Amino acid sequence: MPTPRTLAHFNKTVLPLLHKTVRSQRILNDIAHIVKTDRWNSFDQFHKTTQTLVRAYKTAGAKAEVYTIPTGGPIGSGRWIIHEAADIRGLTIDITHPIQQRLLDYKQNPWHAVQWSAATAAEGQVNELIVIDTENALKKVRPNGLSGKMVLTKLDARQQMKGFADKGAAGIIIDRPLSDLPGATPWTKFGWGGISISDAASQLVAAVLSEREGIKLRELIRKHGPLTLKTRADVHRYAGTHDLVSGLVLGQNPQDEIWALAHSAEPGAHDNASGVALCLEIARTLESLIAAGKLPRPKRTIRLLHGYECYSFFHYTEHVRRLQTPLAGVCIDTVGAKPAICDGQLSWRSSLPMSATFVDRVGAAILNNTLRLHNPGYKLAEGPFVSTSDTLLGDPQYGFPCPWLTTHYRKEDKAWKAYHSSADTLNVLSPAGLKTCATAMAGYLYYLANAGNAEIRDLANLETRQTLTHLADKPTPNQAAFLREQHHASLERLKRWIWGKDRSTLL
């Protein structure tokens, strides 16, 4: 379908200006600062990340807000609850018999500690190490048969933690392999996300080794026989808080907002310090151009949000009173990878099918034009909605469409290889790729935030032409009904965007 004339003009005039202003080195510097604290997977460090983001937004000339969320909540109240805060102050494991050797140290590699691991006594605990690598072997262990034992396992500890705890294990060491990355330590957590309430109540001291480190440990067992380990886990678990940070490029009407979601509080540079840093650069770019008189202040406010994925985002939307829901949004998660990391695929994934679809087309048009300005080796890959812990906020229940920009996917939608592992470092990122993503998302957010009635009329016409084209392909009655309902949802959404006094004429 042709690009609306107002968007085509925007792509010719404003997009090059944004591209000229975005600085990839600033993005990389921000990523390094965010990773410096988020990499520890510790709530005290996450609060330091909050301070970093607030300073950066204020320095950029944007407004900064911090919404503090208490941990805990009624059991069974839903998945989007962080039940407990946890500060990790240290974790070491040493082999003490029949040889003496340090096995791991959290301060050397934070990925060694399982988030929400239990603590040991201050003096540590001494345990014999045994190996259990299959569910069948674990089931055969008699009740309390693992009492006083540390277990080395390749099992998915998040799924089996209750089994180990019920058998009396004093702790576990996980060395599950990562495909093609034997030296990488997987990111593992016993808290939110994919763990049932009953399993999450289990308490285990837990650590993680890379596949290569696990092989060495297993060789020591074969060579020396049973090993004795001394473990010191200094973990403080408590009823604390976590933060949602907002950076705001203020608009002429503060009640109308366009949102960008980029979750923080994860240890990786790509996932997702890249998305958070991209938002800082968007604020910096737009505020500098507005201050220089090169862009007008947008009609609507752009809100850039960072926190514990939906654990922050849902709480914010459900508990903060607003005059209206956001008009539109975007999820910026895991962006700017080197082309070799993502097979050159820059993915733009649609909002939920029954949400307004015009934002999907606006984003795709701006991304394609950005790639014509400067292509770091990407090809735009548009695709259907994907359910993640961020994109769910685009559910119509919350009132705004929210597509997803990412370089998470390779060909055939396979996840990039270093996903959720210690191999997620600055080395996987492309300065040119970050610049391209920042330019496109600054353009997407600003175009929507500043859209006037001419833009709204163009988007309404585009939605109608697109729907008529699909209906002309003779869909089934159910498909035709879906297309008409989707068109209706988009047009109803666009009515909220009408600007100024000629509402009845435009309607």
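Quantities reported herein were computed from a predicted structural model and do not represent experimental measurements.

## What about helix H12 (residues 431-449)?
Helix length check: H12, at 19 residues, gives a terminal C-alpha distance of 27 Å against a target of 27 Å (1.5 Å per residue), a fit within 8%. Burial within H12 is extensive, with 17 of its 19 residues counted as buried.

## Digging into the packing of helix H11 (residues 358-373) against helix H13 (residues 453-471)
Remark: H11 packs on H13, axes separated minimally by 10 Å, with the N-to-C direction vectors making an angle of 105°. The orientation of H11 with respect to H13, classified from their angle, is roughly perpendicular. Across from Phe358, Arg361 and Val362 in H11, the residues of H13 making contact are Leu459, Leu462, Glu463 and Gln466. Per-class residue counts for the contact of H11 with H13 are four nonpolar, one polar and two charged.

## Observations regarding helix H8 (residues 273-291)
Its 19 residues place the ends of H8 27 Å apart at the C-alpha level, agreeing with the 27 Å of an ideal helix rising 1.5 Å per residue. With respect to burial, H8 is a largely interior element, 17 of its 19 residues being buried. Looking one or two places after H8, you find glycine 293, whose phi comes out positive at around 80°.

## Some remarks on the pairing of strand S2 (residues 85-97)
The element S2 is largely enclosed, with a buried count of ten among its 13 residues. Here S2 runs beside strand S8 (residues 227-238); their pairing, made up of eleven bridges, is antiparallel. Pairing of alanine 86 across the sheet is with arginine 237, part of S8. In the sheet, S2 pairs with strand S3 (residues 101-105) via four bridges, with the strands oriented antiparallel.

## Describing the nonpolar core
Among soluble globular proteins, nonpolar side chains are generally buried collectively. Formed by 80 residues in total, the largest nonpolar core has its most connected members in Ile332, Met441 and Tyr444. Broken down by element, the residue count for this core peaks at twelve residues, all from H12. Not counting residues within four places of it along the chain, the set of residues in contact with methionine 441 comprises Ile282, Val330, Ile332, Trp348, Leu367 and Leu405. Ala118, Val141, Met161 and Ile173 belong to the second largest nonpolar core, which has 51 residues in total.

## A word on the side chain of glutamine 115
You can see glutamine 115 is positioned in the loop between S3 and strand S4 (125-131). Apart from the residues lying within four places of it in its own chain, the contact partners of glutamine 115 are Asn41, Phe43, Phe46, Ile88, Trp187, Thr188, Lys189, Phe190, Gly191 and Tyr308.

## Focus on the state of the cysteines
For the coordinates displayed, the defined rule picks out zero disulfides. No disulfide involves cysteine 310; its sulfur sits 8.6 Å from that of cysteine 331, the nearest cysteine. Residue class for cysteine 310 comes out buried when judged on its relative accessible area of 0%. With no disulfide of its own, cysteine 402 has cysteine 331 as its nearest cysteine by sulfur position, at a separation of 5.8 Å.

## Considerations on the sheet that holds S3
Spatially, S3-S2-S8-S4-S5-S6-S7 is the arrangement adopted by the seven strands of the open sheet, whose pairing is mixed. Since the sheet does not close on itself, it has two edges, and those belong to S3 and strand S7 (205-208), each with one partner. Averaged over all pairs of adjacent strands, the angle between strand axes in this sheet comes to 25°, irrespective of strand direction. Strand direction decides the pairing type here: S4 and S8, joined by five bridges, are antiparallel. Its bridge partner being in S8, leucine 129 is matched across the sheet by leucine 227.

What counts as what
- Residues numbered from 1 in each chain as written.
- Predicted model: local features only at pLDDT ≥ 70, side-chain atom pairs only at ≥ 80, totals over all residues.
- Heavy atoms only, no water.
- Helix = DSSP H or I, 4+ residues; strand = E, 2+ residues; numbered from the N terminus.
- Expected span 1.5 Å × (residues − 1).
- Buried < 20%, exposed > 50% of the residue type's maximum accessible area, 1.4 Å probe, protein only.
- Axes fitted to C-alpha atoms, helices over the stretch in contact; angles between N-to-C directions.
- Parallel < 35°, antiparallel > 145°, perpendicular 65-115°, else oblique.
- Contact = heavy atoms within 4.5 Å.
- Nonpolar A, V, L, I, M, F, W, Y, C, P; charged D, E, K, R; others polar.
- Pairing = 2+ DSSP bridges.
- Core = buried A, V, L, I, M, F, W, Y, C linked by side-chain atoms within 4.5 Å.
- Disulfide = S-S within 2.5 Å.

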